[in-house]
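One letter stands for each residue in the lines below.
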Amino acid sequence: MSRTNLDDISAFLTVAREGSFTRAAAMLGVSQSALSQTVRGLEERMGLRLLTRTTRKVSPTVAGERLIQSVGPRLEEINAELAQLSALREKPSGTVRISAGEQAAELILLPTVERLLPQYPDIAIEILVDNGLTDIVAERLDAGVRLGEQVAKDMVAARIGPDVRMAVVGSPGYFEGRDRPHTPHDLTEHNCINLRLPTAGGFYAWEFEQGGRELRVRVEGQLAVNTGALAVKAAIAGAGLAFVLEDRIRGDLEAGRLTRVLADWCPPFSGFHLYYPSRRQPTPAFAVVVDALRYRG
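This text gives an overview of the structure that appears in the document.

Rules behind the numbers
The numbering scheme is per chain: residues are counted from 1 as the chain's sequence reads. Given that this is a predicted model, residues contribute local features only at a pLDDT of at least 70 and side-chain atom pairs are listed and counted only at 80 or more, while totals for whole chains, interfaces and linings are drawn from all residues. Note that the side-chain values use all heavy atoms of the structure and ignore hydrogens as well as water. By the criteria applied, helices consist of DSSP H or I runs no shorter than four residues and strands consist of E runs no shorter than two, each listed in order from the N terminus. What the globule rule says is 2.2 Å times the number of residues to the power 0.38, and the radius of gyration is computed from C-alpha atoms. Remark: exposure states derive from per-residue accessible area (1.4 Å probe, protein chains only) relative to the maximum for the residue type, with buried under 20%, exposed over 50%, and partly exposed in between. Any two residues whose heavy atoms approach within 4.5 Å are treated as being in contact. Working definition of accessibility: Shrake-Rupley area with a 1.4 Å probe, residue cover restricted to the visible protein chains. Neither His nor the chain termini are counted; the positive set is Lys and Arg, and the negative set is Asp and Glu. Note on charges: their place is set at NZ of Lys, CZ of Arg, CG of Asp or CD of Glu. Throughout, nonpolar core names a set of buried Ala, Val, Leu, Ile, Met, Phe, Trp, Tyr and Cys residues whose side chains join them through atoms within 4.5 Å. Note: two strands are recorded as paired if DSSP finds a minimum of 2 bridges between them. Angles run from 0 to 180 degrees between N-to-C directions of axes, and those axes are lines fitted to C-alpha atoms, restricted for helices to the stretch in contact. To count toward a patch, a residue needs a relative accessible area over 30% and no salt bridge; like charges are then connected within 9 Å, while nonpolar side chains (Val, Leu, Ile, Met, Phe, Trp, Tyr) are connected within 5 Å. A carboxyl oxygen of Asp or Glu within 4 Å of a side-chain nitrogen of Lys or Arg is what we treat as a salt bridge. Counted as a polar contact is a pair of N or O atoms within 3.5 Å, where, for protein atoms, one must be capable of donating a hydrogen and the other of accepting one, and residues adjacent in sequence contribute only when both atoms are in side chains.

## What about the overall build of the protein?
For the protein, the count of helices and strands is nine helices and 14 strands. Scaling as 2.2 N^0.38, a compact globule of 297 residues should have a C-alpha radius of gyration of about 19 Å, whereas the protein reaches 34 Å, well beyond that. With the C-alpha coordinates aligned to their principal axes, the bounding extent of the protein is approximately 110 × 35 × 30 Å. Relative to its full complement of 297 residues, the protein shows a buried share of 41%. For the protein, contacts bridging at least 24 residues in sequence account for 71% of all contacts bridging at least 6. In the structure as shown, the protein presents an accessible area of about 16900 Å², 50% of it carried by carbon and sulfur atoms. Across the protein, 35 positive and 36 negative side-chain charges occur, with their mean positions spaced 9 Å apart.

## Some words on the nonpolar core
Membership of the largest hydrophobic core comes to 46 residues, with the highest contact counts inside it found for I98, V145, V168, L187, W206 and F208. Once you skip the residues sitting within four places of it in the chain, F208 turns out to touch V168, P184, L187, R213, E214, L215, V217, F243, L262, W265 and C266. A11, V15, L35 and L50 belong to the second largest nonpolar core, which has 18 residues in total.

## Let's talk about the sheet that holds strand β14 (residues 272-277)
Across the sheet, which stays open at both edges, the five strands sit in the order β4-β3-β5-β14-β6 with mixed pairing between neighbours. The open sheet is flanked by β4 (123-129) and β6 (155-159), the only strands paired with a single partner. With direction set aside, neighbouring strand axes in the sheet form an average angle of 30°. On top of the sheet, helix α5 (residues 102-116) reaches β3 (94-100), β4, β5 (143-147) and β14; it is set at about 170° to β4, its chief contact. Helix α9 (residues 284-293) rests against β3, β4, β5, β6 and β14 of the sheet, and its axis sits at about 45° to β3.

## Structural notes on a nonpolar patch on the surface
Together, M27, L28 and V30 make up a nonpolar patch on the protein surface, roughly 260 Å² of accessible area in all. With respect to the helices and strands, M27 occurs in helix α2 (residues 21-28).

## Remarks on the pairing of strand β10 (residues 213-217)
Of the pairings in the sheet, the one linking strand β9 (residues 206-210) to β10 comprises five bridges and is antiparallel in character. Each residue of the ladder has a partner; that of F208, found in β10, is L215. Linking β9 to β10, which pair antiparallel, is a turn of two residues; within it G211 sits at a positive phi near 60°.

## Some points on the side chain of H273
As for its placement among the helices and strands, H273 is situated in strand β14. Under the relative-accessibility criterion, H273 is labelled buried at 10%. Within the local environment of H273, its side chain forms a polar contact with the backbone oxygen of G271, the two atoms lying 2.8 Å apart. When residues no more than four places from it in sequence are discounted, the contact partners of H273 are G144, V145, R146, L147, G148, V151, A157, A158, R159 and I160.

## Section: the pattern of salt bridges
Applying the stated rule across the entire model yields 14 salt bridges. A salt bridge links D8 to R45, with the shortest nitrogen-to-oxygen separation between them at 2.5 Å. Residue D8 is located in helix α1 (residues 3-18), and its partner R45 is located in helix α3 (residues 32-46); the two are separated by 37 residues in the primary sequence. What makes D8 buried here is its relative accessible area of 10%. Judged by relative accessible area, which is 48%, R45 ranks as partly exposed. Among the charged side chains, a salt-bridge network with shared partners connects R165, E246, D247, R250 and R260.

Structure representation (structure tokens):
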């Protein structure tokens, strides 16, 4: 049956229930003449008279009563289900998949998700830890997290954290009997923990800046790892100097497990951003996640 017929039947049911074209027209927000034409058109298509009209009263015929009893309850069920589906559309639901490096996942994504999910039981979030520069389009992910300077220009970026700083750290035991580095060049005299990049396959060159002067230092040492967490553990154990994000080792600095050097060569830079394709049409669930992650500091 066409949508027009369903609407016309709904109009007929309203008239029959109210027993008046005047009251039914007021409820439906249409004119009395338009409503009368709608019901008459329905009767003509069905080849049946559905209403008996008098100057005082409108009442269903035998055919009209049968239509009320057979179709009326079903139409009410359909309208109720459509209303529920409309509510689902407005209620955020679905899965949001985000790729992020280990630090952003641990320090930003996970705390936010833990607060968000109890408020939205129909939203599911999948965090994929990947320290490489993942192609979120190719991997069919909803979004990724990178430092601001790494976000591609054709992506929409939303800041989700404050500016960050790098830190060169070593254990107090490591510095016993050693001169501390005063410039990045002094690192060549130290045992440094290299970090292997998952995308390029080579070791990460430590980046420094002071007074507008930028330096990239290829350090050397006995140990190489591929995660910042391992680099921190190795540094605490005295295996050498590590170059990691400041937020990761703040507690270790306060507790005295690590000592920082070259702080004046590590200025702040743009922090973590959530990014996604500019042509993406955000779902209600995705919009909720973006808003929850957005940095407001």
